[in-house]
Structure formats: C-alpha cells, structure tokens
Amino acid sequence: MRDLSEFTELPELSDGRLIVRPYRPDDAPAVAAMCQDETALRWLPIPDPYRLSDAEEWIGDAERRWCEDRVASWVACDAGSGELWGSVSVRIDAKNGNGDIGYLVARGARRGGVATGMVALVVGWCFDDLGMGRLQIRCDPRNEASRRTILRAGFQLEGMLRSEQIIRDERTDSVIASLLPGDPQPGRSAP
Amino acid sequence: MKDLGDIAHPPELSDRTIRLRRLRAADKAAVVKACNDGLIERFCYRVPYPYHESDFVEFLAYNEHFWPSDLMANWTVVDAGSDELLAMISLDIIAVRQAGEIGYWCAPWARGRGVMSTAVRLVRDWAFDELELERLELTTDVDNIGSQRVAQAAGFRREGVLRGYLSARGRRSDDVLFGMVPGDPREPRVPLPDPRLEDGRLVIRPFEPDDAPAVQAACDDADVAHWIHLVPSPYAAADAEEFVAGSRRRLAAGDRARLAVCDAASGELLGSVSLDLYDDRQVAEIGYWVKREARRRGVAGGAARLVIDWAFTALGVERLEILTYPGNDASQTLAEQLGFRREGVLRGFLAPEPGKSRDGRVEPSEDGSLPARDDQVQFALLRSEWRPRLA
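Residues numbered from 1 in each chain as written. Chains lettered and ligands numbered in written order. Predicted model: local features only at pLDDT ≥ 70, side-chain atom pairs only at ≥ 80, totals over all residues.

What about the interface of chain A and chain B?
Counting from both sides, the interface comprises 20 residues of chain A and, opposite them, 22 residues of chain B. Contributions of two or more residues to the side of chain A that touches chain B are made by strand S7 (156-167) and strand S8 (170-179) of chain A. Among the elements that take part in the side of chain A that touches chain B, S7 of chain A stands out by supplying eight residues, more than any other. By residue class, the composition of the side of chain A that touches chain B is seven nonpolar, eight polar and five charged. (Contact = placed C-beta atoms within 7 Å. Helix = DSSP H or I, 4+ residues; strand = E, 2+ residues; numbered from the N terminus. Nonpolar A, V, L, I, M, F, W, Y, C, P; charged D, E, K, R; others polar.)

What to know about helix H3 (residues 53-70) of chain B
Here H3 of chain B is 18 residues long and its end C-alpha atoms lie 24 Å apart, about the 26 Å a rise of 1.5 Å per residue gives. A maximum bend of about 35° is found in H3 of chain B at glutamate 64 of chain B, where proline proline 68 of chain B lies one to four positions downstream. (Expected span 1.5 Å × (residues − 1). Bend = angle between axes of the 7 residues up to and from the residue.)

Some thoughts on the pairing of strand S10 (residues 202-206) of chain B
All names here are of chain B. The pairing of strand S9 (residues 197-198) with S10 spans two bridges and is classified as antiparallel. Each bridged residue has a counterpart across the sheet, and for glutamate 198 the counterpart in S10 is valine 203. A loop of three residues connects S9 with S10, the two strands running antiparallel in sequence, and glycine 200 in this loop sits at a positive phi of about 95°. Sheet analysis places S10 next to strand S11 (residues 256-263), joined by five bridges and oriented antiparallel. Opposite leucine 202, over in S11, you have aspartate 263 as the bridge partner. (Pairing = 2+ DSSP bridges.)

Considering the packing of helix H6 (residues 212-219) of chain B against helix H8 (residues 237-253) of chain B
Residue and element names in this part refer to chain B. With their axes 8 Å apart at the nearest point, H6 and H8 run at an angle of 115° to one another. Of the two possible hands of crossing, H6 and H8 adopt the one that is right-handed. Between H6, through Ala212, Pro213, Val215, Gln216 and Cys219, and H8, the contact on the second element is made entirely by Ala237, Ala240, Glu241, Phe243 and Val244. Considering only residue class, the contact of H6 with H8 consists of eight nonpolar, one polar and one charged. (Axes fitted to C-alpha atoms, helices over the stretch in contact; angles between N-to-C directions. Left-handed = near helix turned anticlockwise from the far one by under 90°.)

Brief notes about unusual backbone geometry
Only a minority of non-glycine residues have a phi that is not negative, and only a minority of peptide bonds are not trans. The linkage connecting tyrosine 49 of chain B with the following residue, proline 50 of chain B, adopts the cis geometry, with an omega of -10°. Relative to the helices and strands, proline 50 of chain B is located in the loop between helix H2 (38-43) and H3. The amide bond that connects serine 233 of chain B to the next residue, proline 234 of chain B, takes the cis arrangement and shows omega of 0°. In this model, arginine 70 of chain A sits at a positive phi of 55°, which is unusual for a non-glycine residue. For arginine 70 of chain A, a count of 15 C-beta atoms within 10 Å puts it in the partly exposed group. Even without being glycine, leucine 230 of chain B reaches a positive phi, approximately 70°. Within the element layout of this structure, leucine 230 of chain B appears in the loop between helix H7 (222-227) and H8. Residue classification places leucine 230 of chain B among the exposed residues on the basis of 11 C-beta atoms within 10 Å. (Buried ≥ 20, exposed ≤ 12 C-beta atoms within 10 Å, placed from the backbone.)

Let's talk about the domain arrangement of chain B
Residue and element names in this part refer to chain B. Domain parsing of chain B yields domain 1 (4-180) and domain 2 (197-385). Computed from C-alpha atoms alone, the centre-to-centre distance between domain 1 and domain 2 is 39 Å. Contact residues are listed per partner, giving five residues for domain 1 and five residues for domain 2. (Domains from an automatic or database assignment.)

Next up, the structure:
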C-alpha cells in the first residue's frame, strides 16, 4: 500500500449527496448531540453521558489520531445543507494493508442509506487511493441496523469474536466481516 | 517557576542510601574509571571516549560555571555512608519554557540496584517542589533498556520516539522521549511486570543481546520461515540481532512481550513465545516458534500455557487470540488443545510474502492489479473459559 506519510491531511470525499470531511472545531455541538443518543450509547464505546466537552476532546484529538495512531476520522454531512449526518473512521494497519472501519449515523439521518454511503466513500479511498488489501467492520451481533449496513456495503461475514469489546462495562461479542478489493461491491463499478 | 536568581548553587539532595553533592577534584580516579565503560560510550554521547584525566580536569573547571551561566545543575551521586562515587546526574533548565531536562550516567559498579532511579526521583522532586518547573523531560536511546527502566521507575511517561534525534560518534540515534508534569503520579510506571515464568521444565525470560546467535540458528529454518509471518529466509545474523533488539524495545514500551523460551536445566534457547497487547491490554495475541531440534516435546504448549496464565493473572487480559495460516495443522491442533475455540477465517488478513506459498490464499486479480493475500484462522480463549493449571 501507499506510504501514509504522503497523507499529511485527510481528504474530503463526496458522492454528490454526502460529503465526508475532516472534523472542524465548530462540529462539537452537532457531534455531542449525535452521540448523546440512546442508540449511539448502546453500541459504541463512548462516554455516557456524552457531553460537549467529550466532543471537543474527540475533535481536538483527531489530528493526533491520524498522525500517531493512523486512525482517520471524518464527519459525514449533507452535501447541500452541510447538516451533520454521521461520523466514520478507519484504523489502518499499514504493515499489513488492513483497515478497521467504524461509523455512526445521527438519529434524524437513519434509514436513508447514509451509513452505506459513507462506508462506500471510505472503502473507495482505502482501496483506490491507499491501495489497501483488506477492510473489516466489527459490530455487536444484536445491532441489526449495523449488520444490514455491513452486508449492503458488500462485506462478508467471517465469524464471531467472543467477548471482544467493552461497551458500558459489559464485555460484548463482535461479528466480524470483511471486504477485499476483488469482492463485488454494490453501487461501485468493478475495479 | 521560582526566580532562579535566588539560588546561588543547587543544594545537596539525599535520602538514606545516596547523596547528590558537588563534584570534587578527588573524584577524578572514579570518574575516569566509570566513563571508560562500553555502555557509557554507546549511550552517553556527551561524555568523551576514551575518557582521559584531562577530560575530568576540564569538566571540573567548567562544572562551577554550569549553574550561574547555563542554569545547569550537576551533581555527583555518592553512597550516603561511604561517599563512594556511583553516578552523575544533571538538570538542564530551559527557562523560556519553564522545563528541565534530566541527564545521567551510572558507573558500571553501581548498576542494577536502583541508584539511578533514586537519584532521578530526588532531582525530580527538587525540580517540581522547589523550583516549581512545569515540565521535566528525559531522552534515552531506544536500545538503552536500563535507562528506560530508570525513567519508568521515577514515574516518567513514555511520550514518543524521536527519530534520528542525536548525532554522535558517527551515527544518528532514535531516542525515547519521557516526560512528566507536576500533576502526574510520581509512582513507578511499570509497563509490564517482570516476565520470568517457570514450570520446572521451561524458563521464559526477556531476550538478552547475546541470544542473537541462538535465534539465528533456530530461525534459519524453512518451517519457521514458512509459518511465521515476515520471518525472512535465509535468516541472517543481522535479522537475529534486530529480532532481539526489537523484542527488548517493545517489552520496554509495554505493548509486546516477545520472550525467550529456554530449557530450565541447561539454559539452552528452545524457542520464543510472544504476547501482543491491544485495546488497553484487554485483548492479546499469542505467537510462538520452536527450533527444529526441540519440536515434538511439548515446548510450544508448555510455553503457551505459562504465558496464558501470566496474561490472565498478572496482566488482566480478558481475551487471548491465536491467528494461524489455514494450512498450519500443528498450530491449530495446539490452539484447540490449549482450550482455544475457532471463531472464523479472516479472509486476506495478511499481505503474502514473496516465495512463500500457503494454503488459503486470496488469488491475485487476473490483470495483476490486485495482489494476493493470505487468510488467517482466528482462535480465541476467554478469561471465563480459562482453567488455571494446578501448581
């Protein structure tokens, strides 16, 4: 895969309807509102309650996460209004060319294909621009919406990782699914 | 920060065991003897080598000017009772950012008994509590494991690695940056408890630099190269040296314990077992290899059991993983014997290596635009499933 040191800044990605762009300091109120939500708090390892200061800290840390931990994180916005619809990230293991994707959709934007859209944009960047070899998504097996997104984005289920995460002090299982560059990807022309 | 103009000279600092005092002309013989040491040559670039009596005379003369002209405090560390010279330590104050940098060397005869970390603690407390500095720093070569332990014992936090940071004696060094601010806890920050594990038959211990030839002999083996990701073939002396040095660095950093597995009776190196720690040490991955002459004797299983017990007890790991190539039947059988459960096959999880042909490979695309990748079978053992062995 490409040398990540060429990528000092994260790109802005768009499919015409959605814009996936790096965090800005003034995203904090919308990020806090998105995370202080029953569904978000149930499935994600984020502070509960989620306060404005948590969002400010998360956003302030974004550049360090990319430079040091190789975690790229973005917000997803409506291309027209700029309204914040979700967030998406990929943790890159450059040595093996692997990436681990995570995402969250704001309450008001669910069921509109936002999750599939932003995952597809990040998949495109990882495979086409970075030349990565494998992407994976892990999610709680009880999270039906996320499992549907994973399959809709073309990811294939591989197994169940038991007791793999801690969400709100509970150890939880994760379904693991992967997408390889040669796999069929709905909504994307074959590479 | 205090007004340093009020301090005519840095005070003596001491505890029951050591005293930090001004350098004296009578220290010459001991300083010259200490500084003509291989480790000081290797890691202390500011100390001349070979170290002559004239170097000491110059240092002594300049030493009196360090504080008034450069805000550099320099102490000789001596035994509190006998006044035997043990070490040297300095605090270089960078007034513009109200920070201080600690530097030191320890005489060969004083190593391994906590002298240096005690001295660093005394200087640290003076810097924070008396001078009211806002930050302390300490840098040390990535391969200077002893010095990294000193920093950790004094409560310093590992902040990063500065690549090519210092240039001396014909090479550039990568240095670990340790930092501390006044609010930090001053207790030791032990990255990993001392991994010395035994079951009567095997001893598991950290790698030492002189293990490199035995590592090379063991790894220059087609089976090891075939089944272990990124093991080169043929396996050169430099590969073994890098393996040992890398093992020592990562153990000091605390994110990976790659350890030597030895015969308890003879001390002979039989193999290696590793534990990679993820997610705040909640999840860890075990890996191992055993040299050809020692296979089929239960060495891998014995070593894995010791490390599994260590991971669940001393490290508080919740979930242990083993990843193997689909064709590695021996490793999969062992994983199941160890109580691990097969959870799935991770497709194309690893980039394939040239010249190594394995089962379970994602084929490259016909036009060559997509490279091949190797699958990994995933096994895991949870704390709740683990049965500690009876002593």
